[in-house]
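Next come the chains, spelled out residue by residue.
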Amino acid sequence: MAAMSPSQRRLQKELMSLIREPPPGVTVDGDQASQNLTLWTVHMEGVPGTLYEGEKFVLQFKFTNKYPFDSPEVTFVGNNIPVHPHVYSNGHICLSILTDDWSPALSVQSVCLSIVSMLSSCKEKKRPPDNSFYVKTCNKNPKKTKWWYHDDSV
Amino acid sequence: MDSLIQELLNSEKCKSLPVFLDRLHVLLQSNIEIESISSFLIDKDFLDEVKNLVAHGSIPLFFGKSLKDLKCIVQDNENRKHELYFHYNGPRKLSITSVYLPYSTIQDQEYNCIEDIIVAFKKRLSYLNKYFKELENIDSLCTVVEPVNRTFKDDYRVISLDNKTWLHVEVTPEGMGNNVRLLGKGREWSEKLQNKLLLWDHDTNVVENIMTLFDVINYAAPSYQESSSQKVIEKVPICNICLSAQLPNSSEVPQSFCSNSNCGVYFHRNCLCQWLTVSNSGRNTDFGIATGKCPSCFQLISCIGKEG
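What counts as what
- Each residue is numbered by its place in its chain's sequence as written, counting from 1.
- In the order they appear in the text, chains get letters beginning with A and ligands get numbers beginning with 1.
- Local features in this predicted model are restricted to residues whose pLDDT is 70 or higher, and side-chain atom pairs enter the listing and the counts only when it is 80 or higher, whereas totals over whole chains, interfaces and linings include all residues.
- Think of the side-chain values as coming from all heavy atoms in the structure, minus any hydrogens and water.
- When DSSP finds two or more bridges between a pair of strands, those strands are recorded as paired.
- Helix and strand definitions here come from DSSP, where helices need a minimum of 4 consecutive H or I residues and strands a minimum of 2 consecutive E residues; each element is numbered from the N-terminal end.
- Orientation is described by axes fitted as lines to C-alpha atoms, over the contacting stretch for helices, and by angles from 0 to 180 degrees between their N-to-C directions.
- Here a residue-residue contact requires only that any non-hydrogen atoms of the pair lie within 4.5 Å.
- Expected span of a helix, by definition, is 1.5 Å for each gap between consecutive residues, and there is one gap fewer than residues.
- To sort residues, take the accessible area from a 1.4 Å probe on protein chains only and compare it with the maximum for the residue type: under 20% means buried, over 50% means exposed, and anything in between is partly exposed.
- By arc we mean the arc of the directions from the helix axis to the C-beta atoms, nothing more.

Novice: Help me out: how do you make sense of the sheet that holds strand E7 (residues 156–162) of chain B in this one?
Specialist: Whether parallel or antiparallel, the strands of a sheet pair through hydrogen bonds between backbone atoms. Residues and elements named next belong to chain B. Spatial strand order, E6-E7-E8-E9: four strands in an open sheet with antiparallel pairing. Whereas interior strands pair on both sides, the edge strands pair on one side only; in this sheet they are strand E6 (144–146) and strand E9 (177–184). Here the average twist between neighbouring strands, direction ignored, is 35°. Where E6 meets E7, two bridges bridge the pair, whose relative direction is antiparallel. Its bridge partner lying in E7, Val144 is registered against Ile159. Against the sheet, helix H6 (residues 129–141) contacts E6, E7 and strand E8 (165–171), and its axis sits at roughly 165° relative to E8. With respect to the sheet, helix H7 (residues 187–196) is in contact with E7, E8 and E9, its orientation differing from that of E9 by roughly 155°.

Right, dumping it as structure tokens:
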């Protein structure tokens, strides 16, 4: 087998620790991820006591070979895209750590935790105000979007 | 050459096989340089010496990827075994290709026969006796974290003092401590080193000097055996960027670079430098120093840029 690249080595380590000690409500599809380390599917449950209690969501992570120097591409996929002021109906997420504020000290686990906390602190289920315009005009890759972060509180 | 033969094959001058073979013979003779053939062969003197050595059996001899690459194992005065790789360049022209010793001129010379090589090598080994002893002493008494797969070719050791301070020490071929410096940041260690480095006594061994330097009375004997080098690796902190202790092609140890003393996160200089370059939109280092925000606590962080 060819030697692993630094980015593969890091992803392998992250995958192992995420399978072993997943944050509450988060599960990674380990079989799929270990077959293709650059594409992960993460299942997420709405936290009890929040607006999303009982709902199930699926997140997709795409990594380039520059990871962790380059942020992962993270979107909601599947039938149930959470209705949230920072989540567009095509699954794109407006979250600064996924683009401008990315740091290599972050990880899949910390991104998942940020998304869980973003959902949990929501007070009213609604789409972003510019949803229909954005979904019609945006690039398929959310990282190509020049985000204007709506607010810092959520 | 090929085209000449092709021409001969296609020409109609050769009416019979004997005529063709005659011409081919002439062609081959005029084109082949005798020297190029003989350089593929090994001369008889050398072969005899190899045979003698093998028959005698006192020095184990091995062939490498070709009959001209050889390895032998030579014992020094204290029965340490040393590998010596050499190459046959031509009659009475042998050279040393590699040894697990610090560099010396024996590697640049040309030798007449295997015996000459072994004599020169043994002489070097006995010269280095104190060097070997010092390194063995350090390896057995201290928690050495670098180099990971060490041989006598590595003339330095990085010794763990606490979980964020290491001592780099080099040993000269004469067995003296050299270039002693701290890696990482433990202020109390650095004060001790500054106050006492002048007291370094070359008449006693390196480990004793280190012990006096840092007022360590009983140097914590490593709790691992030589074979379980895995344990040693675990003592090295993990780099927060690549999540490994060790980089594939480097013996670098993760260090704490952040200006925030409460941050406590370690990085390989290599990884940190790469990130600081990326986060500065590809702008390279200023005067060889890469600066930016710590990936973990976002305080100011800086490290020396890549060498060269």
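After that view, the rundown keeps rolling.
Novice: Looking at this structure, how should I read helix H1 (residues 6–20) of chain A?
Specialist: Residues three or four positions apart in an α-helix share a direction because the helix packs 3.6 residues into each turn. All names here are of chain A. Taking 1.5 Å as the rise per residue, H1 with 15 residues should run 21 Å; its terminal C-alpha atoms sit 21 Å apart, in good agreement. Burial in H1 covers these residues: Ser7, Arg10, Leu11, Glu14, Leu15 and Leu18. Buried residues in H1, looked at end-on, bunch into an arc of 135°, giving them a common side. Exposed and facing more than 90 degrees away from the buried side of H1 are Pro6 and Arg20. As for H1, its buried residues are in contact with strand E1 (26–28), helix H2 (30–35), strand E2 (39–45) and helix H3 (108–120).

Novice: What am I meant to see in the sheet that holds strand E3 (residues 56–62) of chain A here?
Specialist: Residues and elements named next belong to chain A. The four strands are arranged E1-E2-E3-E4 in an open sheet whose pairing can be described as antiparallel. Looking at which strands have only one partner, the edges of the open sheet turn out to be E1 and strand E4 (73–77). Neighbour-to-neighbour, the strand axes of the sheet open up by a mean angle of 25°, direction not taken into account. Pairing geometry for E2 and E3, over seven bridges, is antiparallel. Counted as the bridge partner of Leu39 is Lys62 from E3. Most of the contacts of H1 go to E2, to which it runs at about 25°, and overall it touches E1 and E2.

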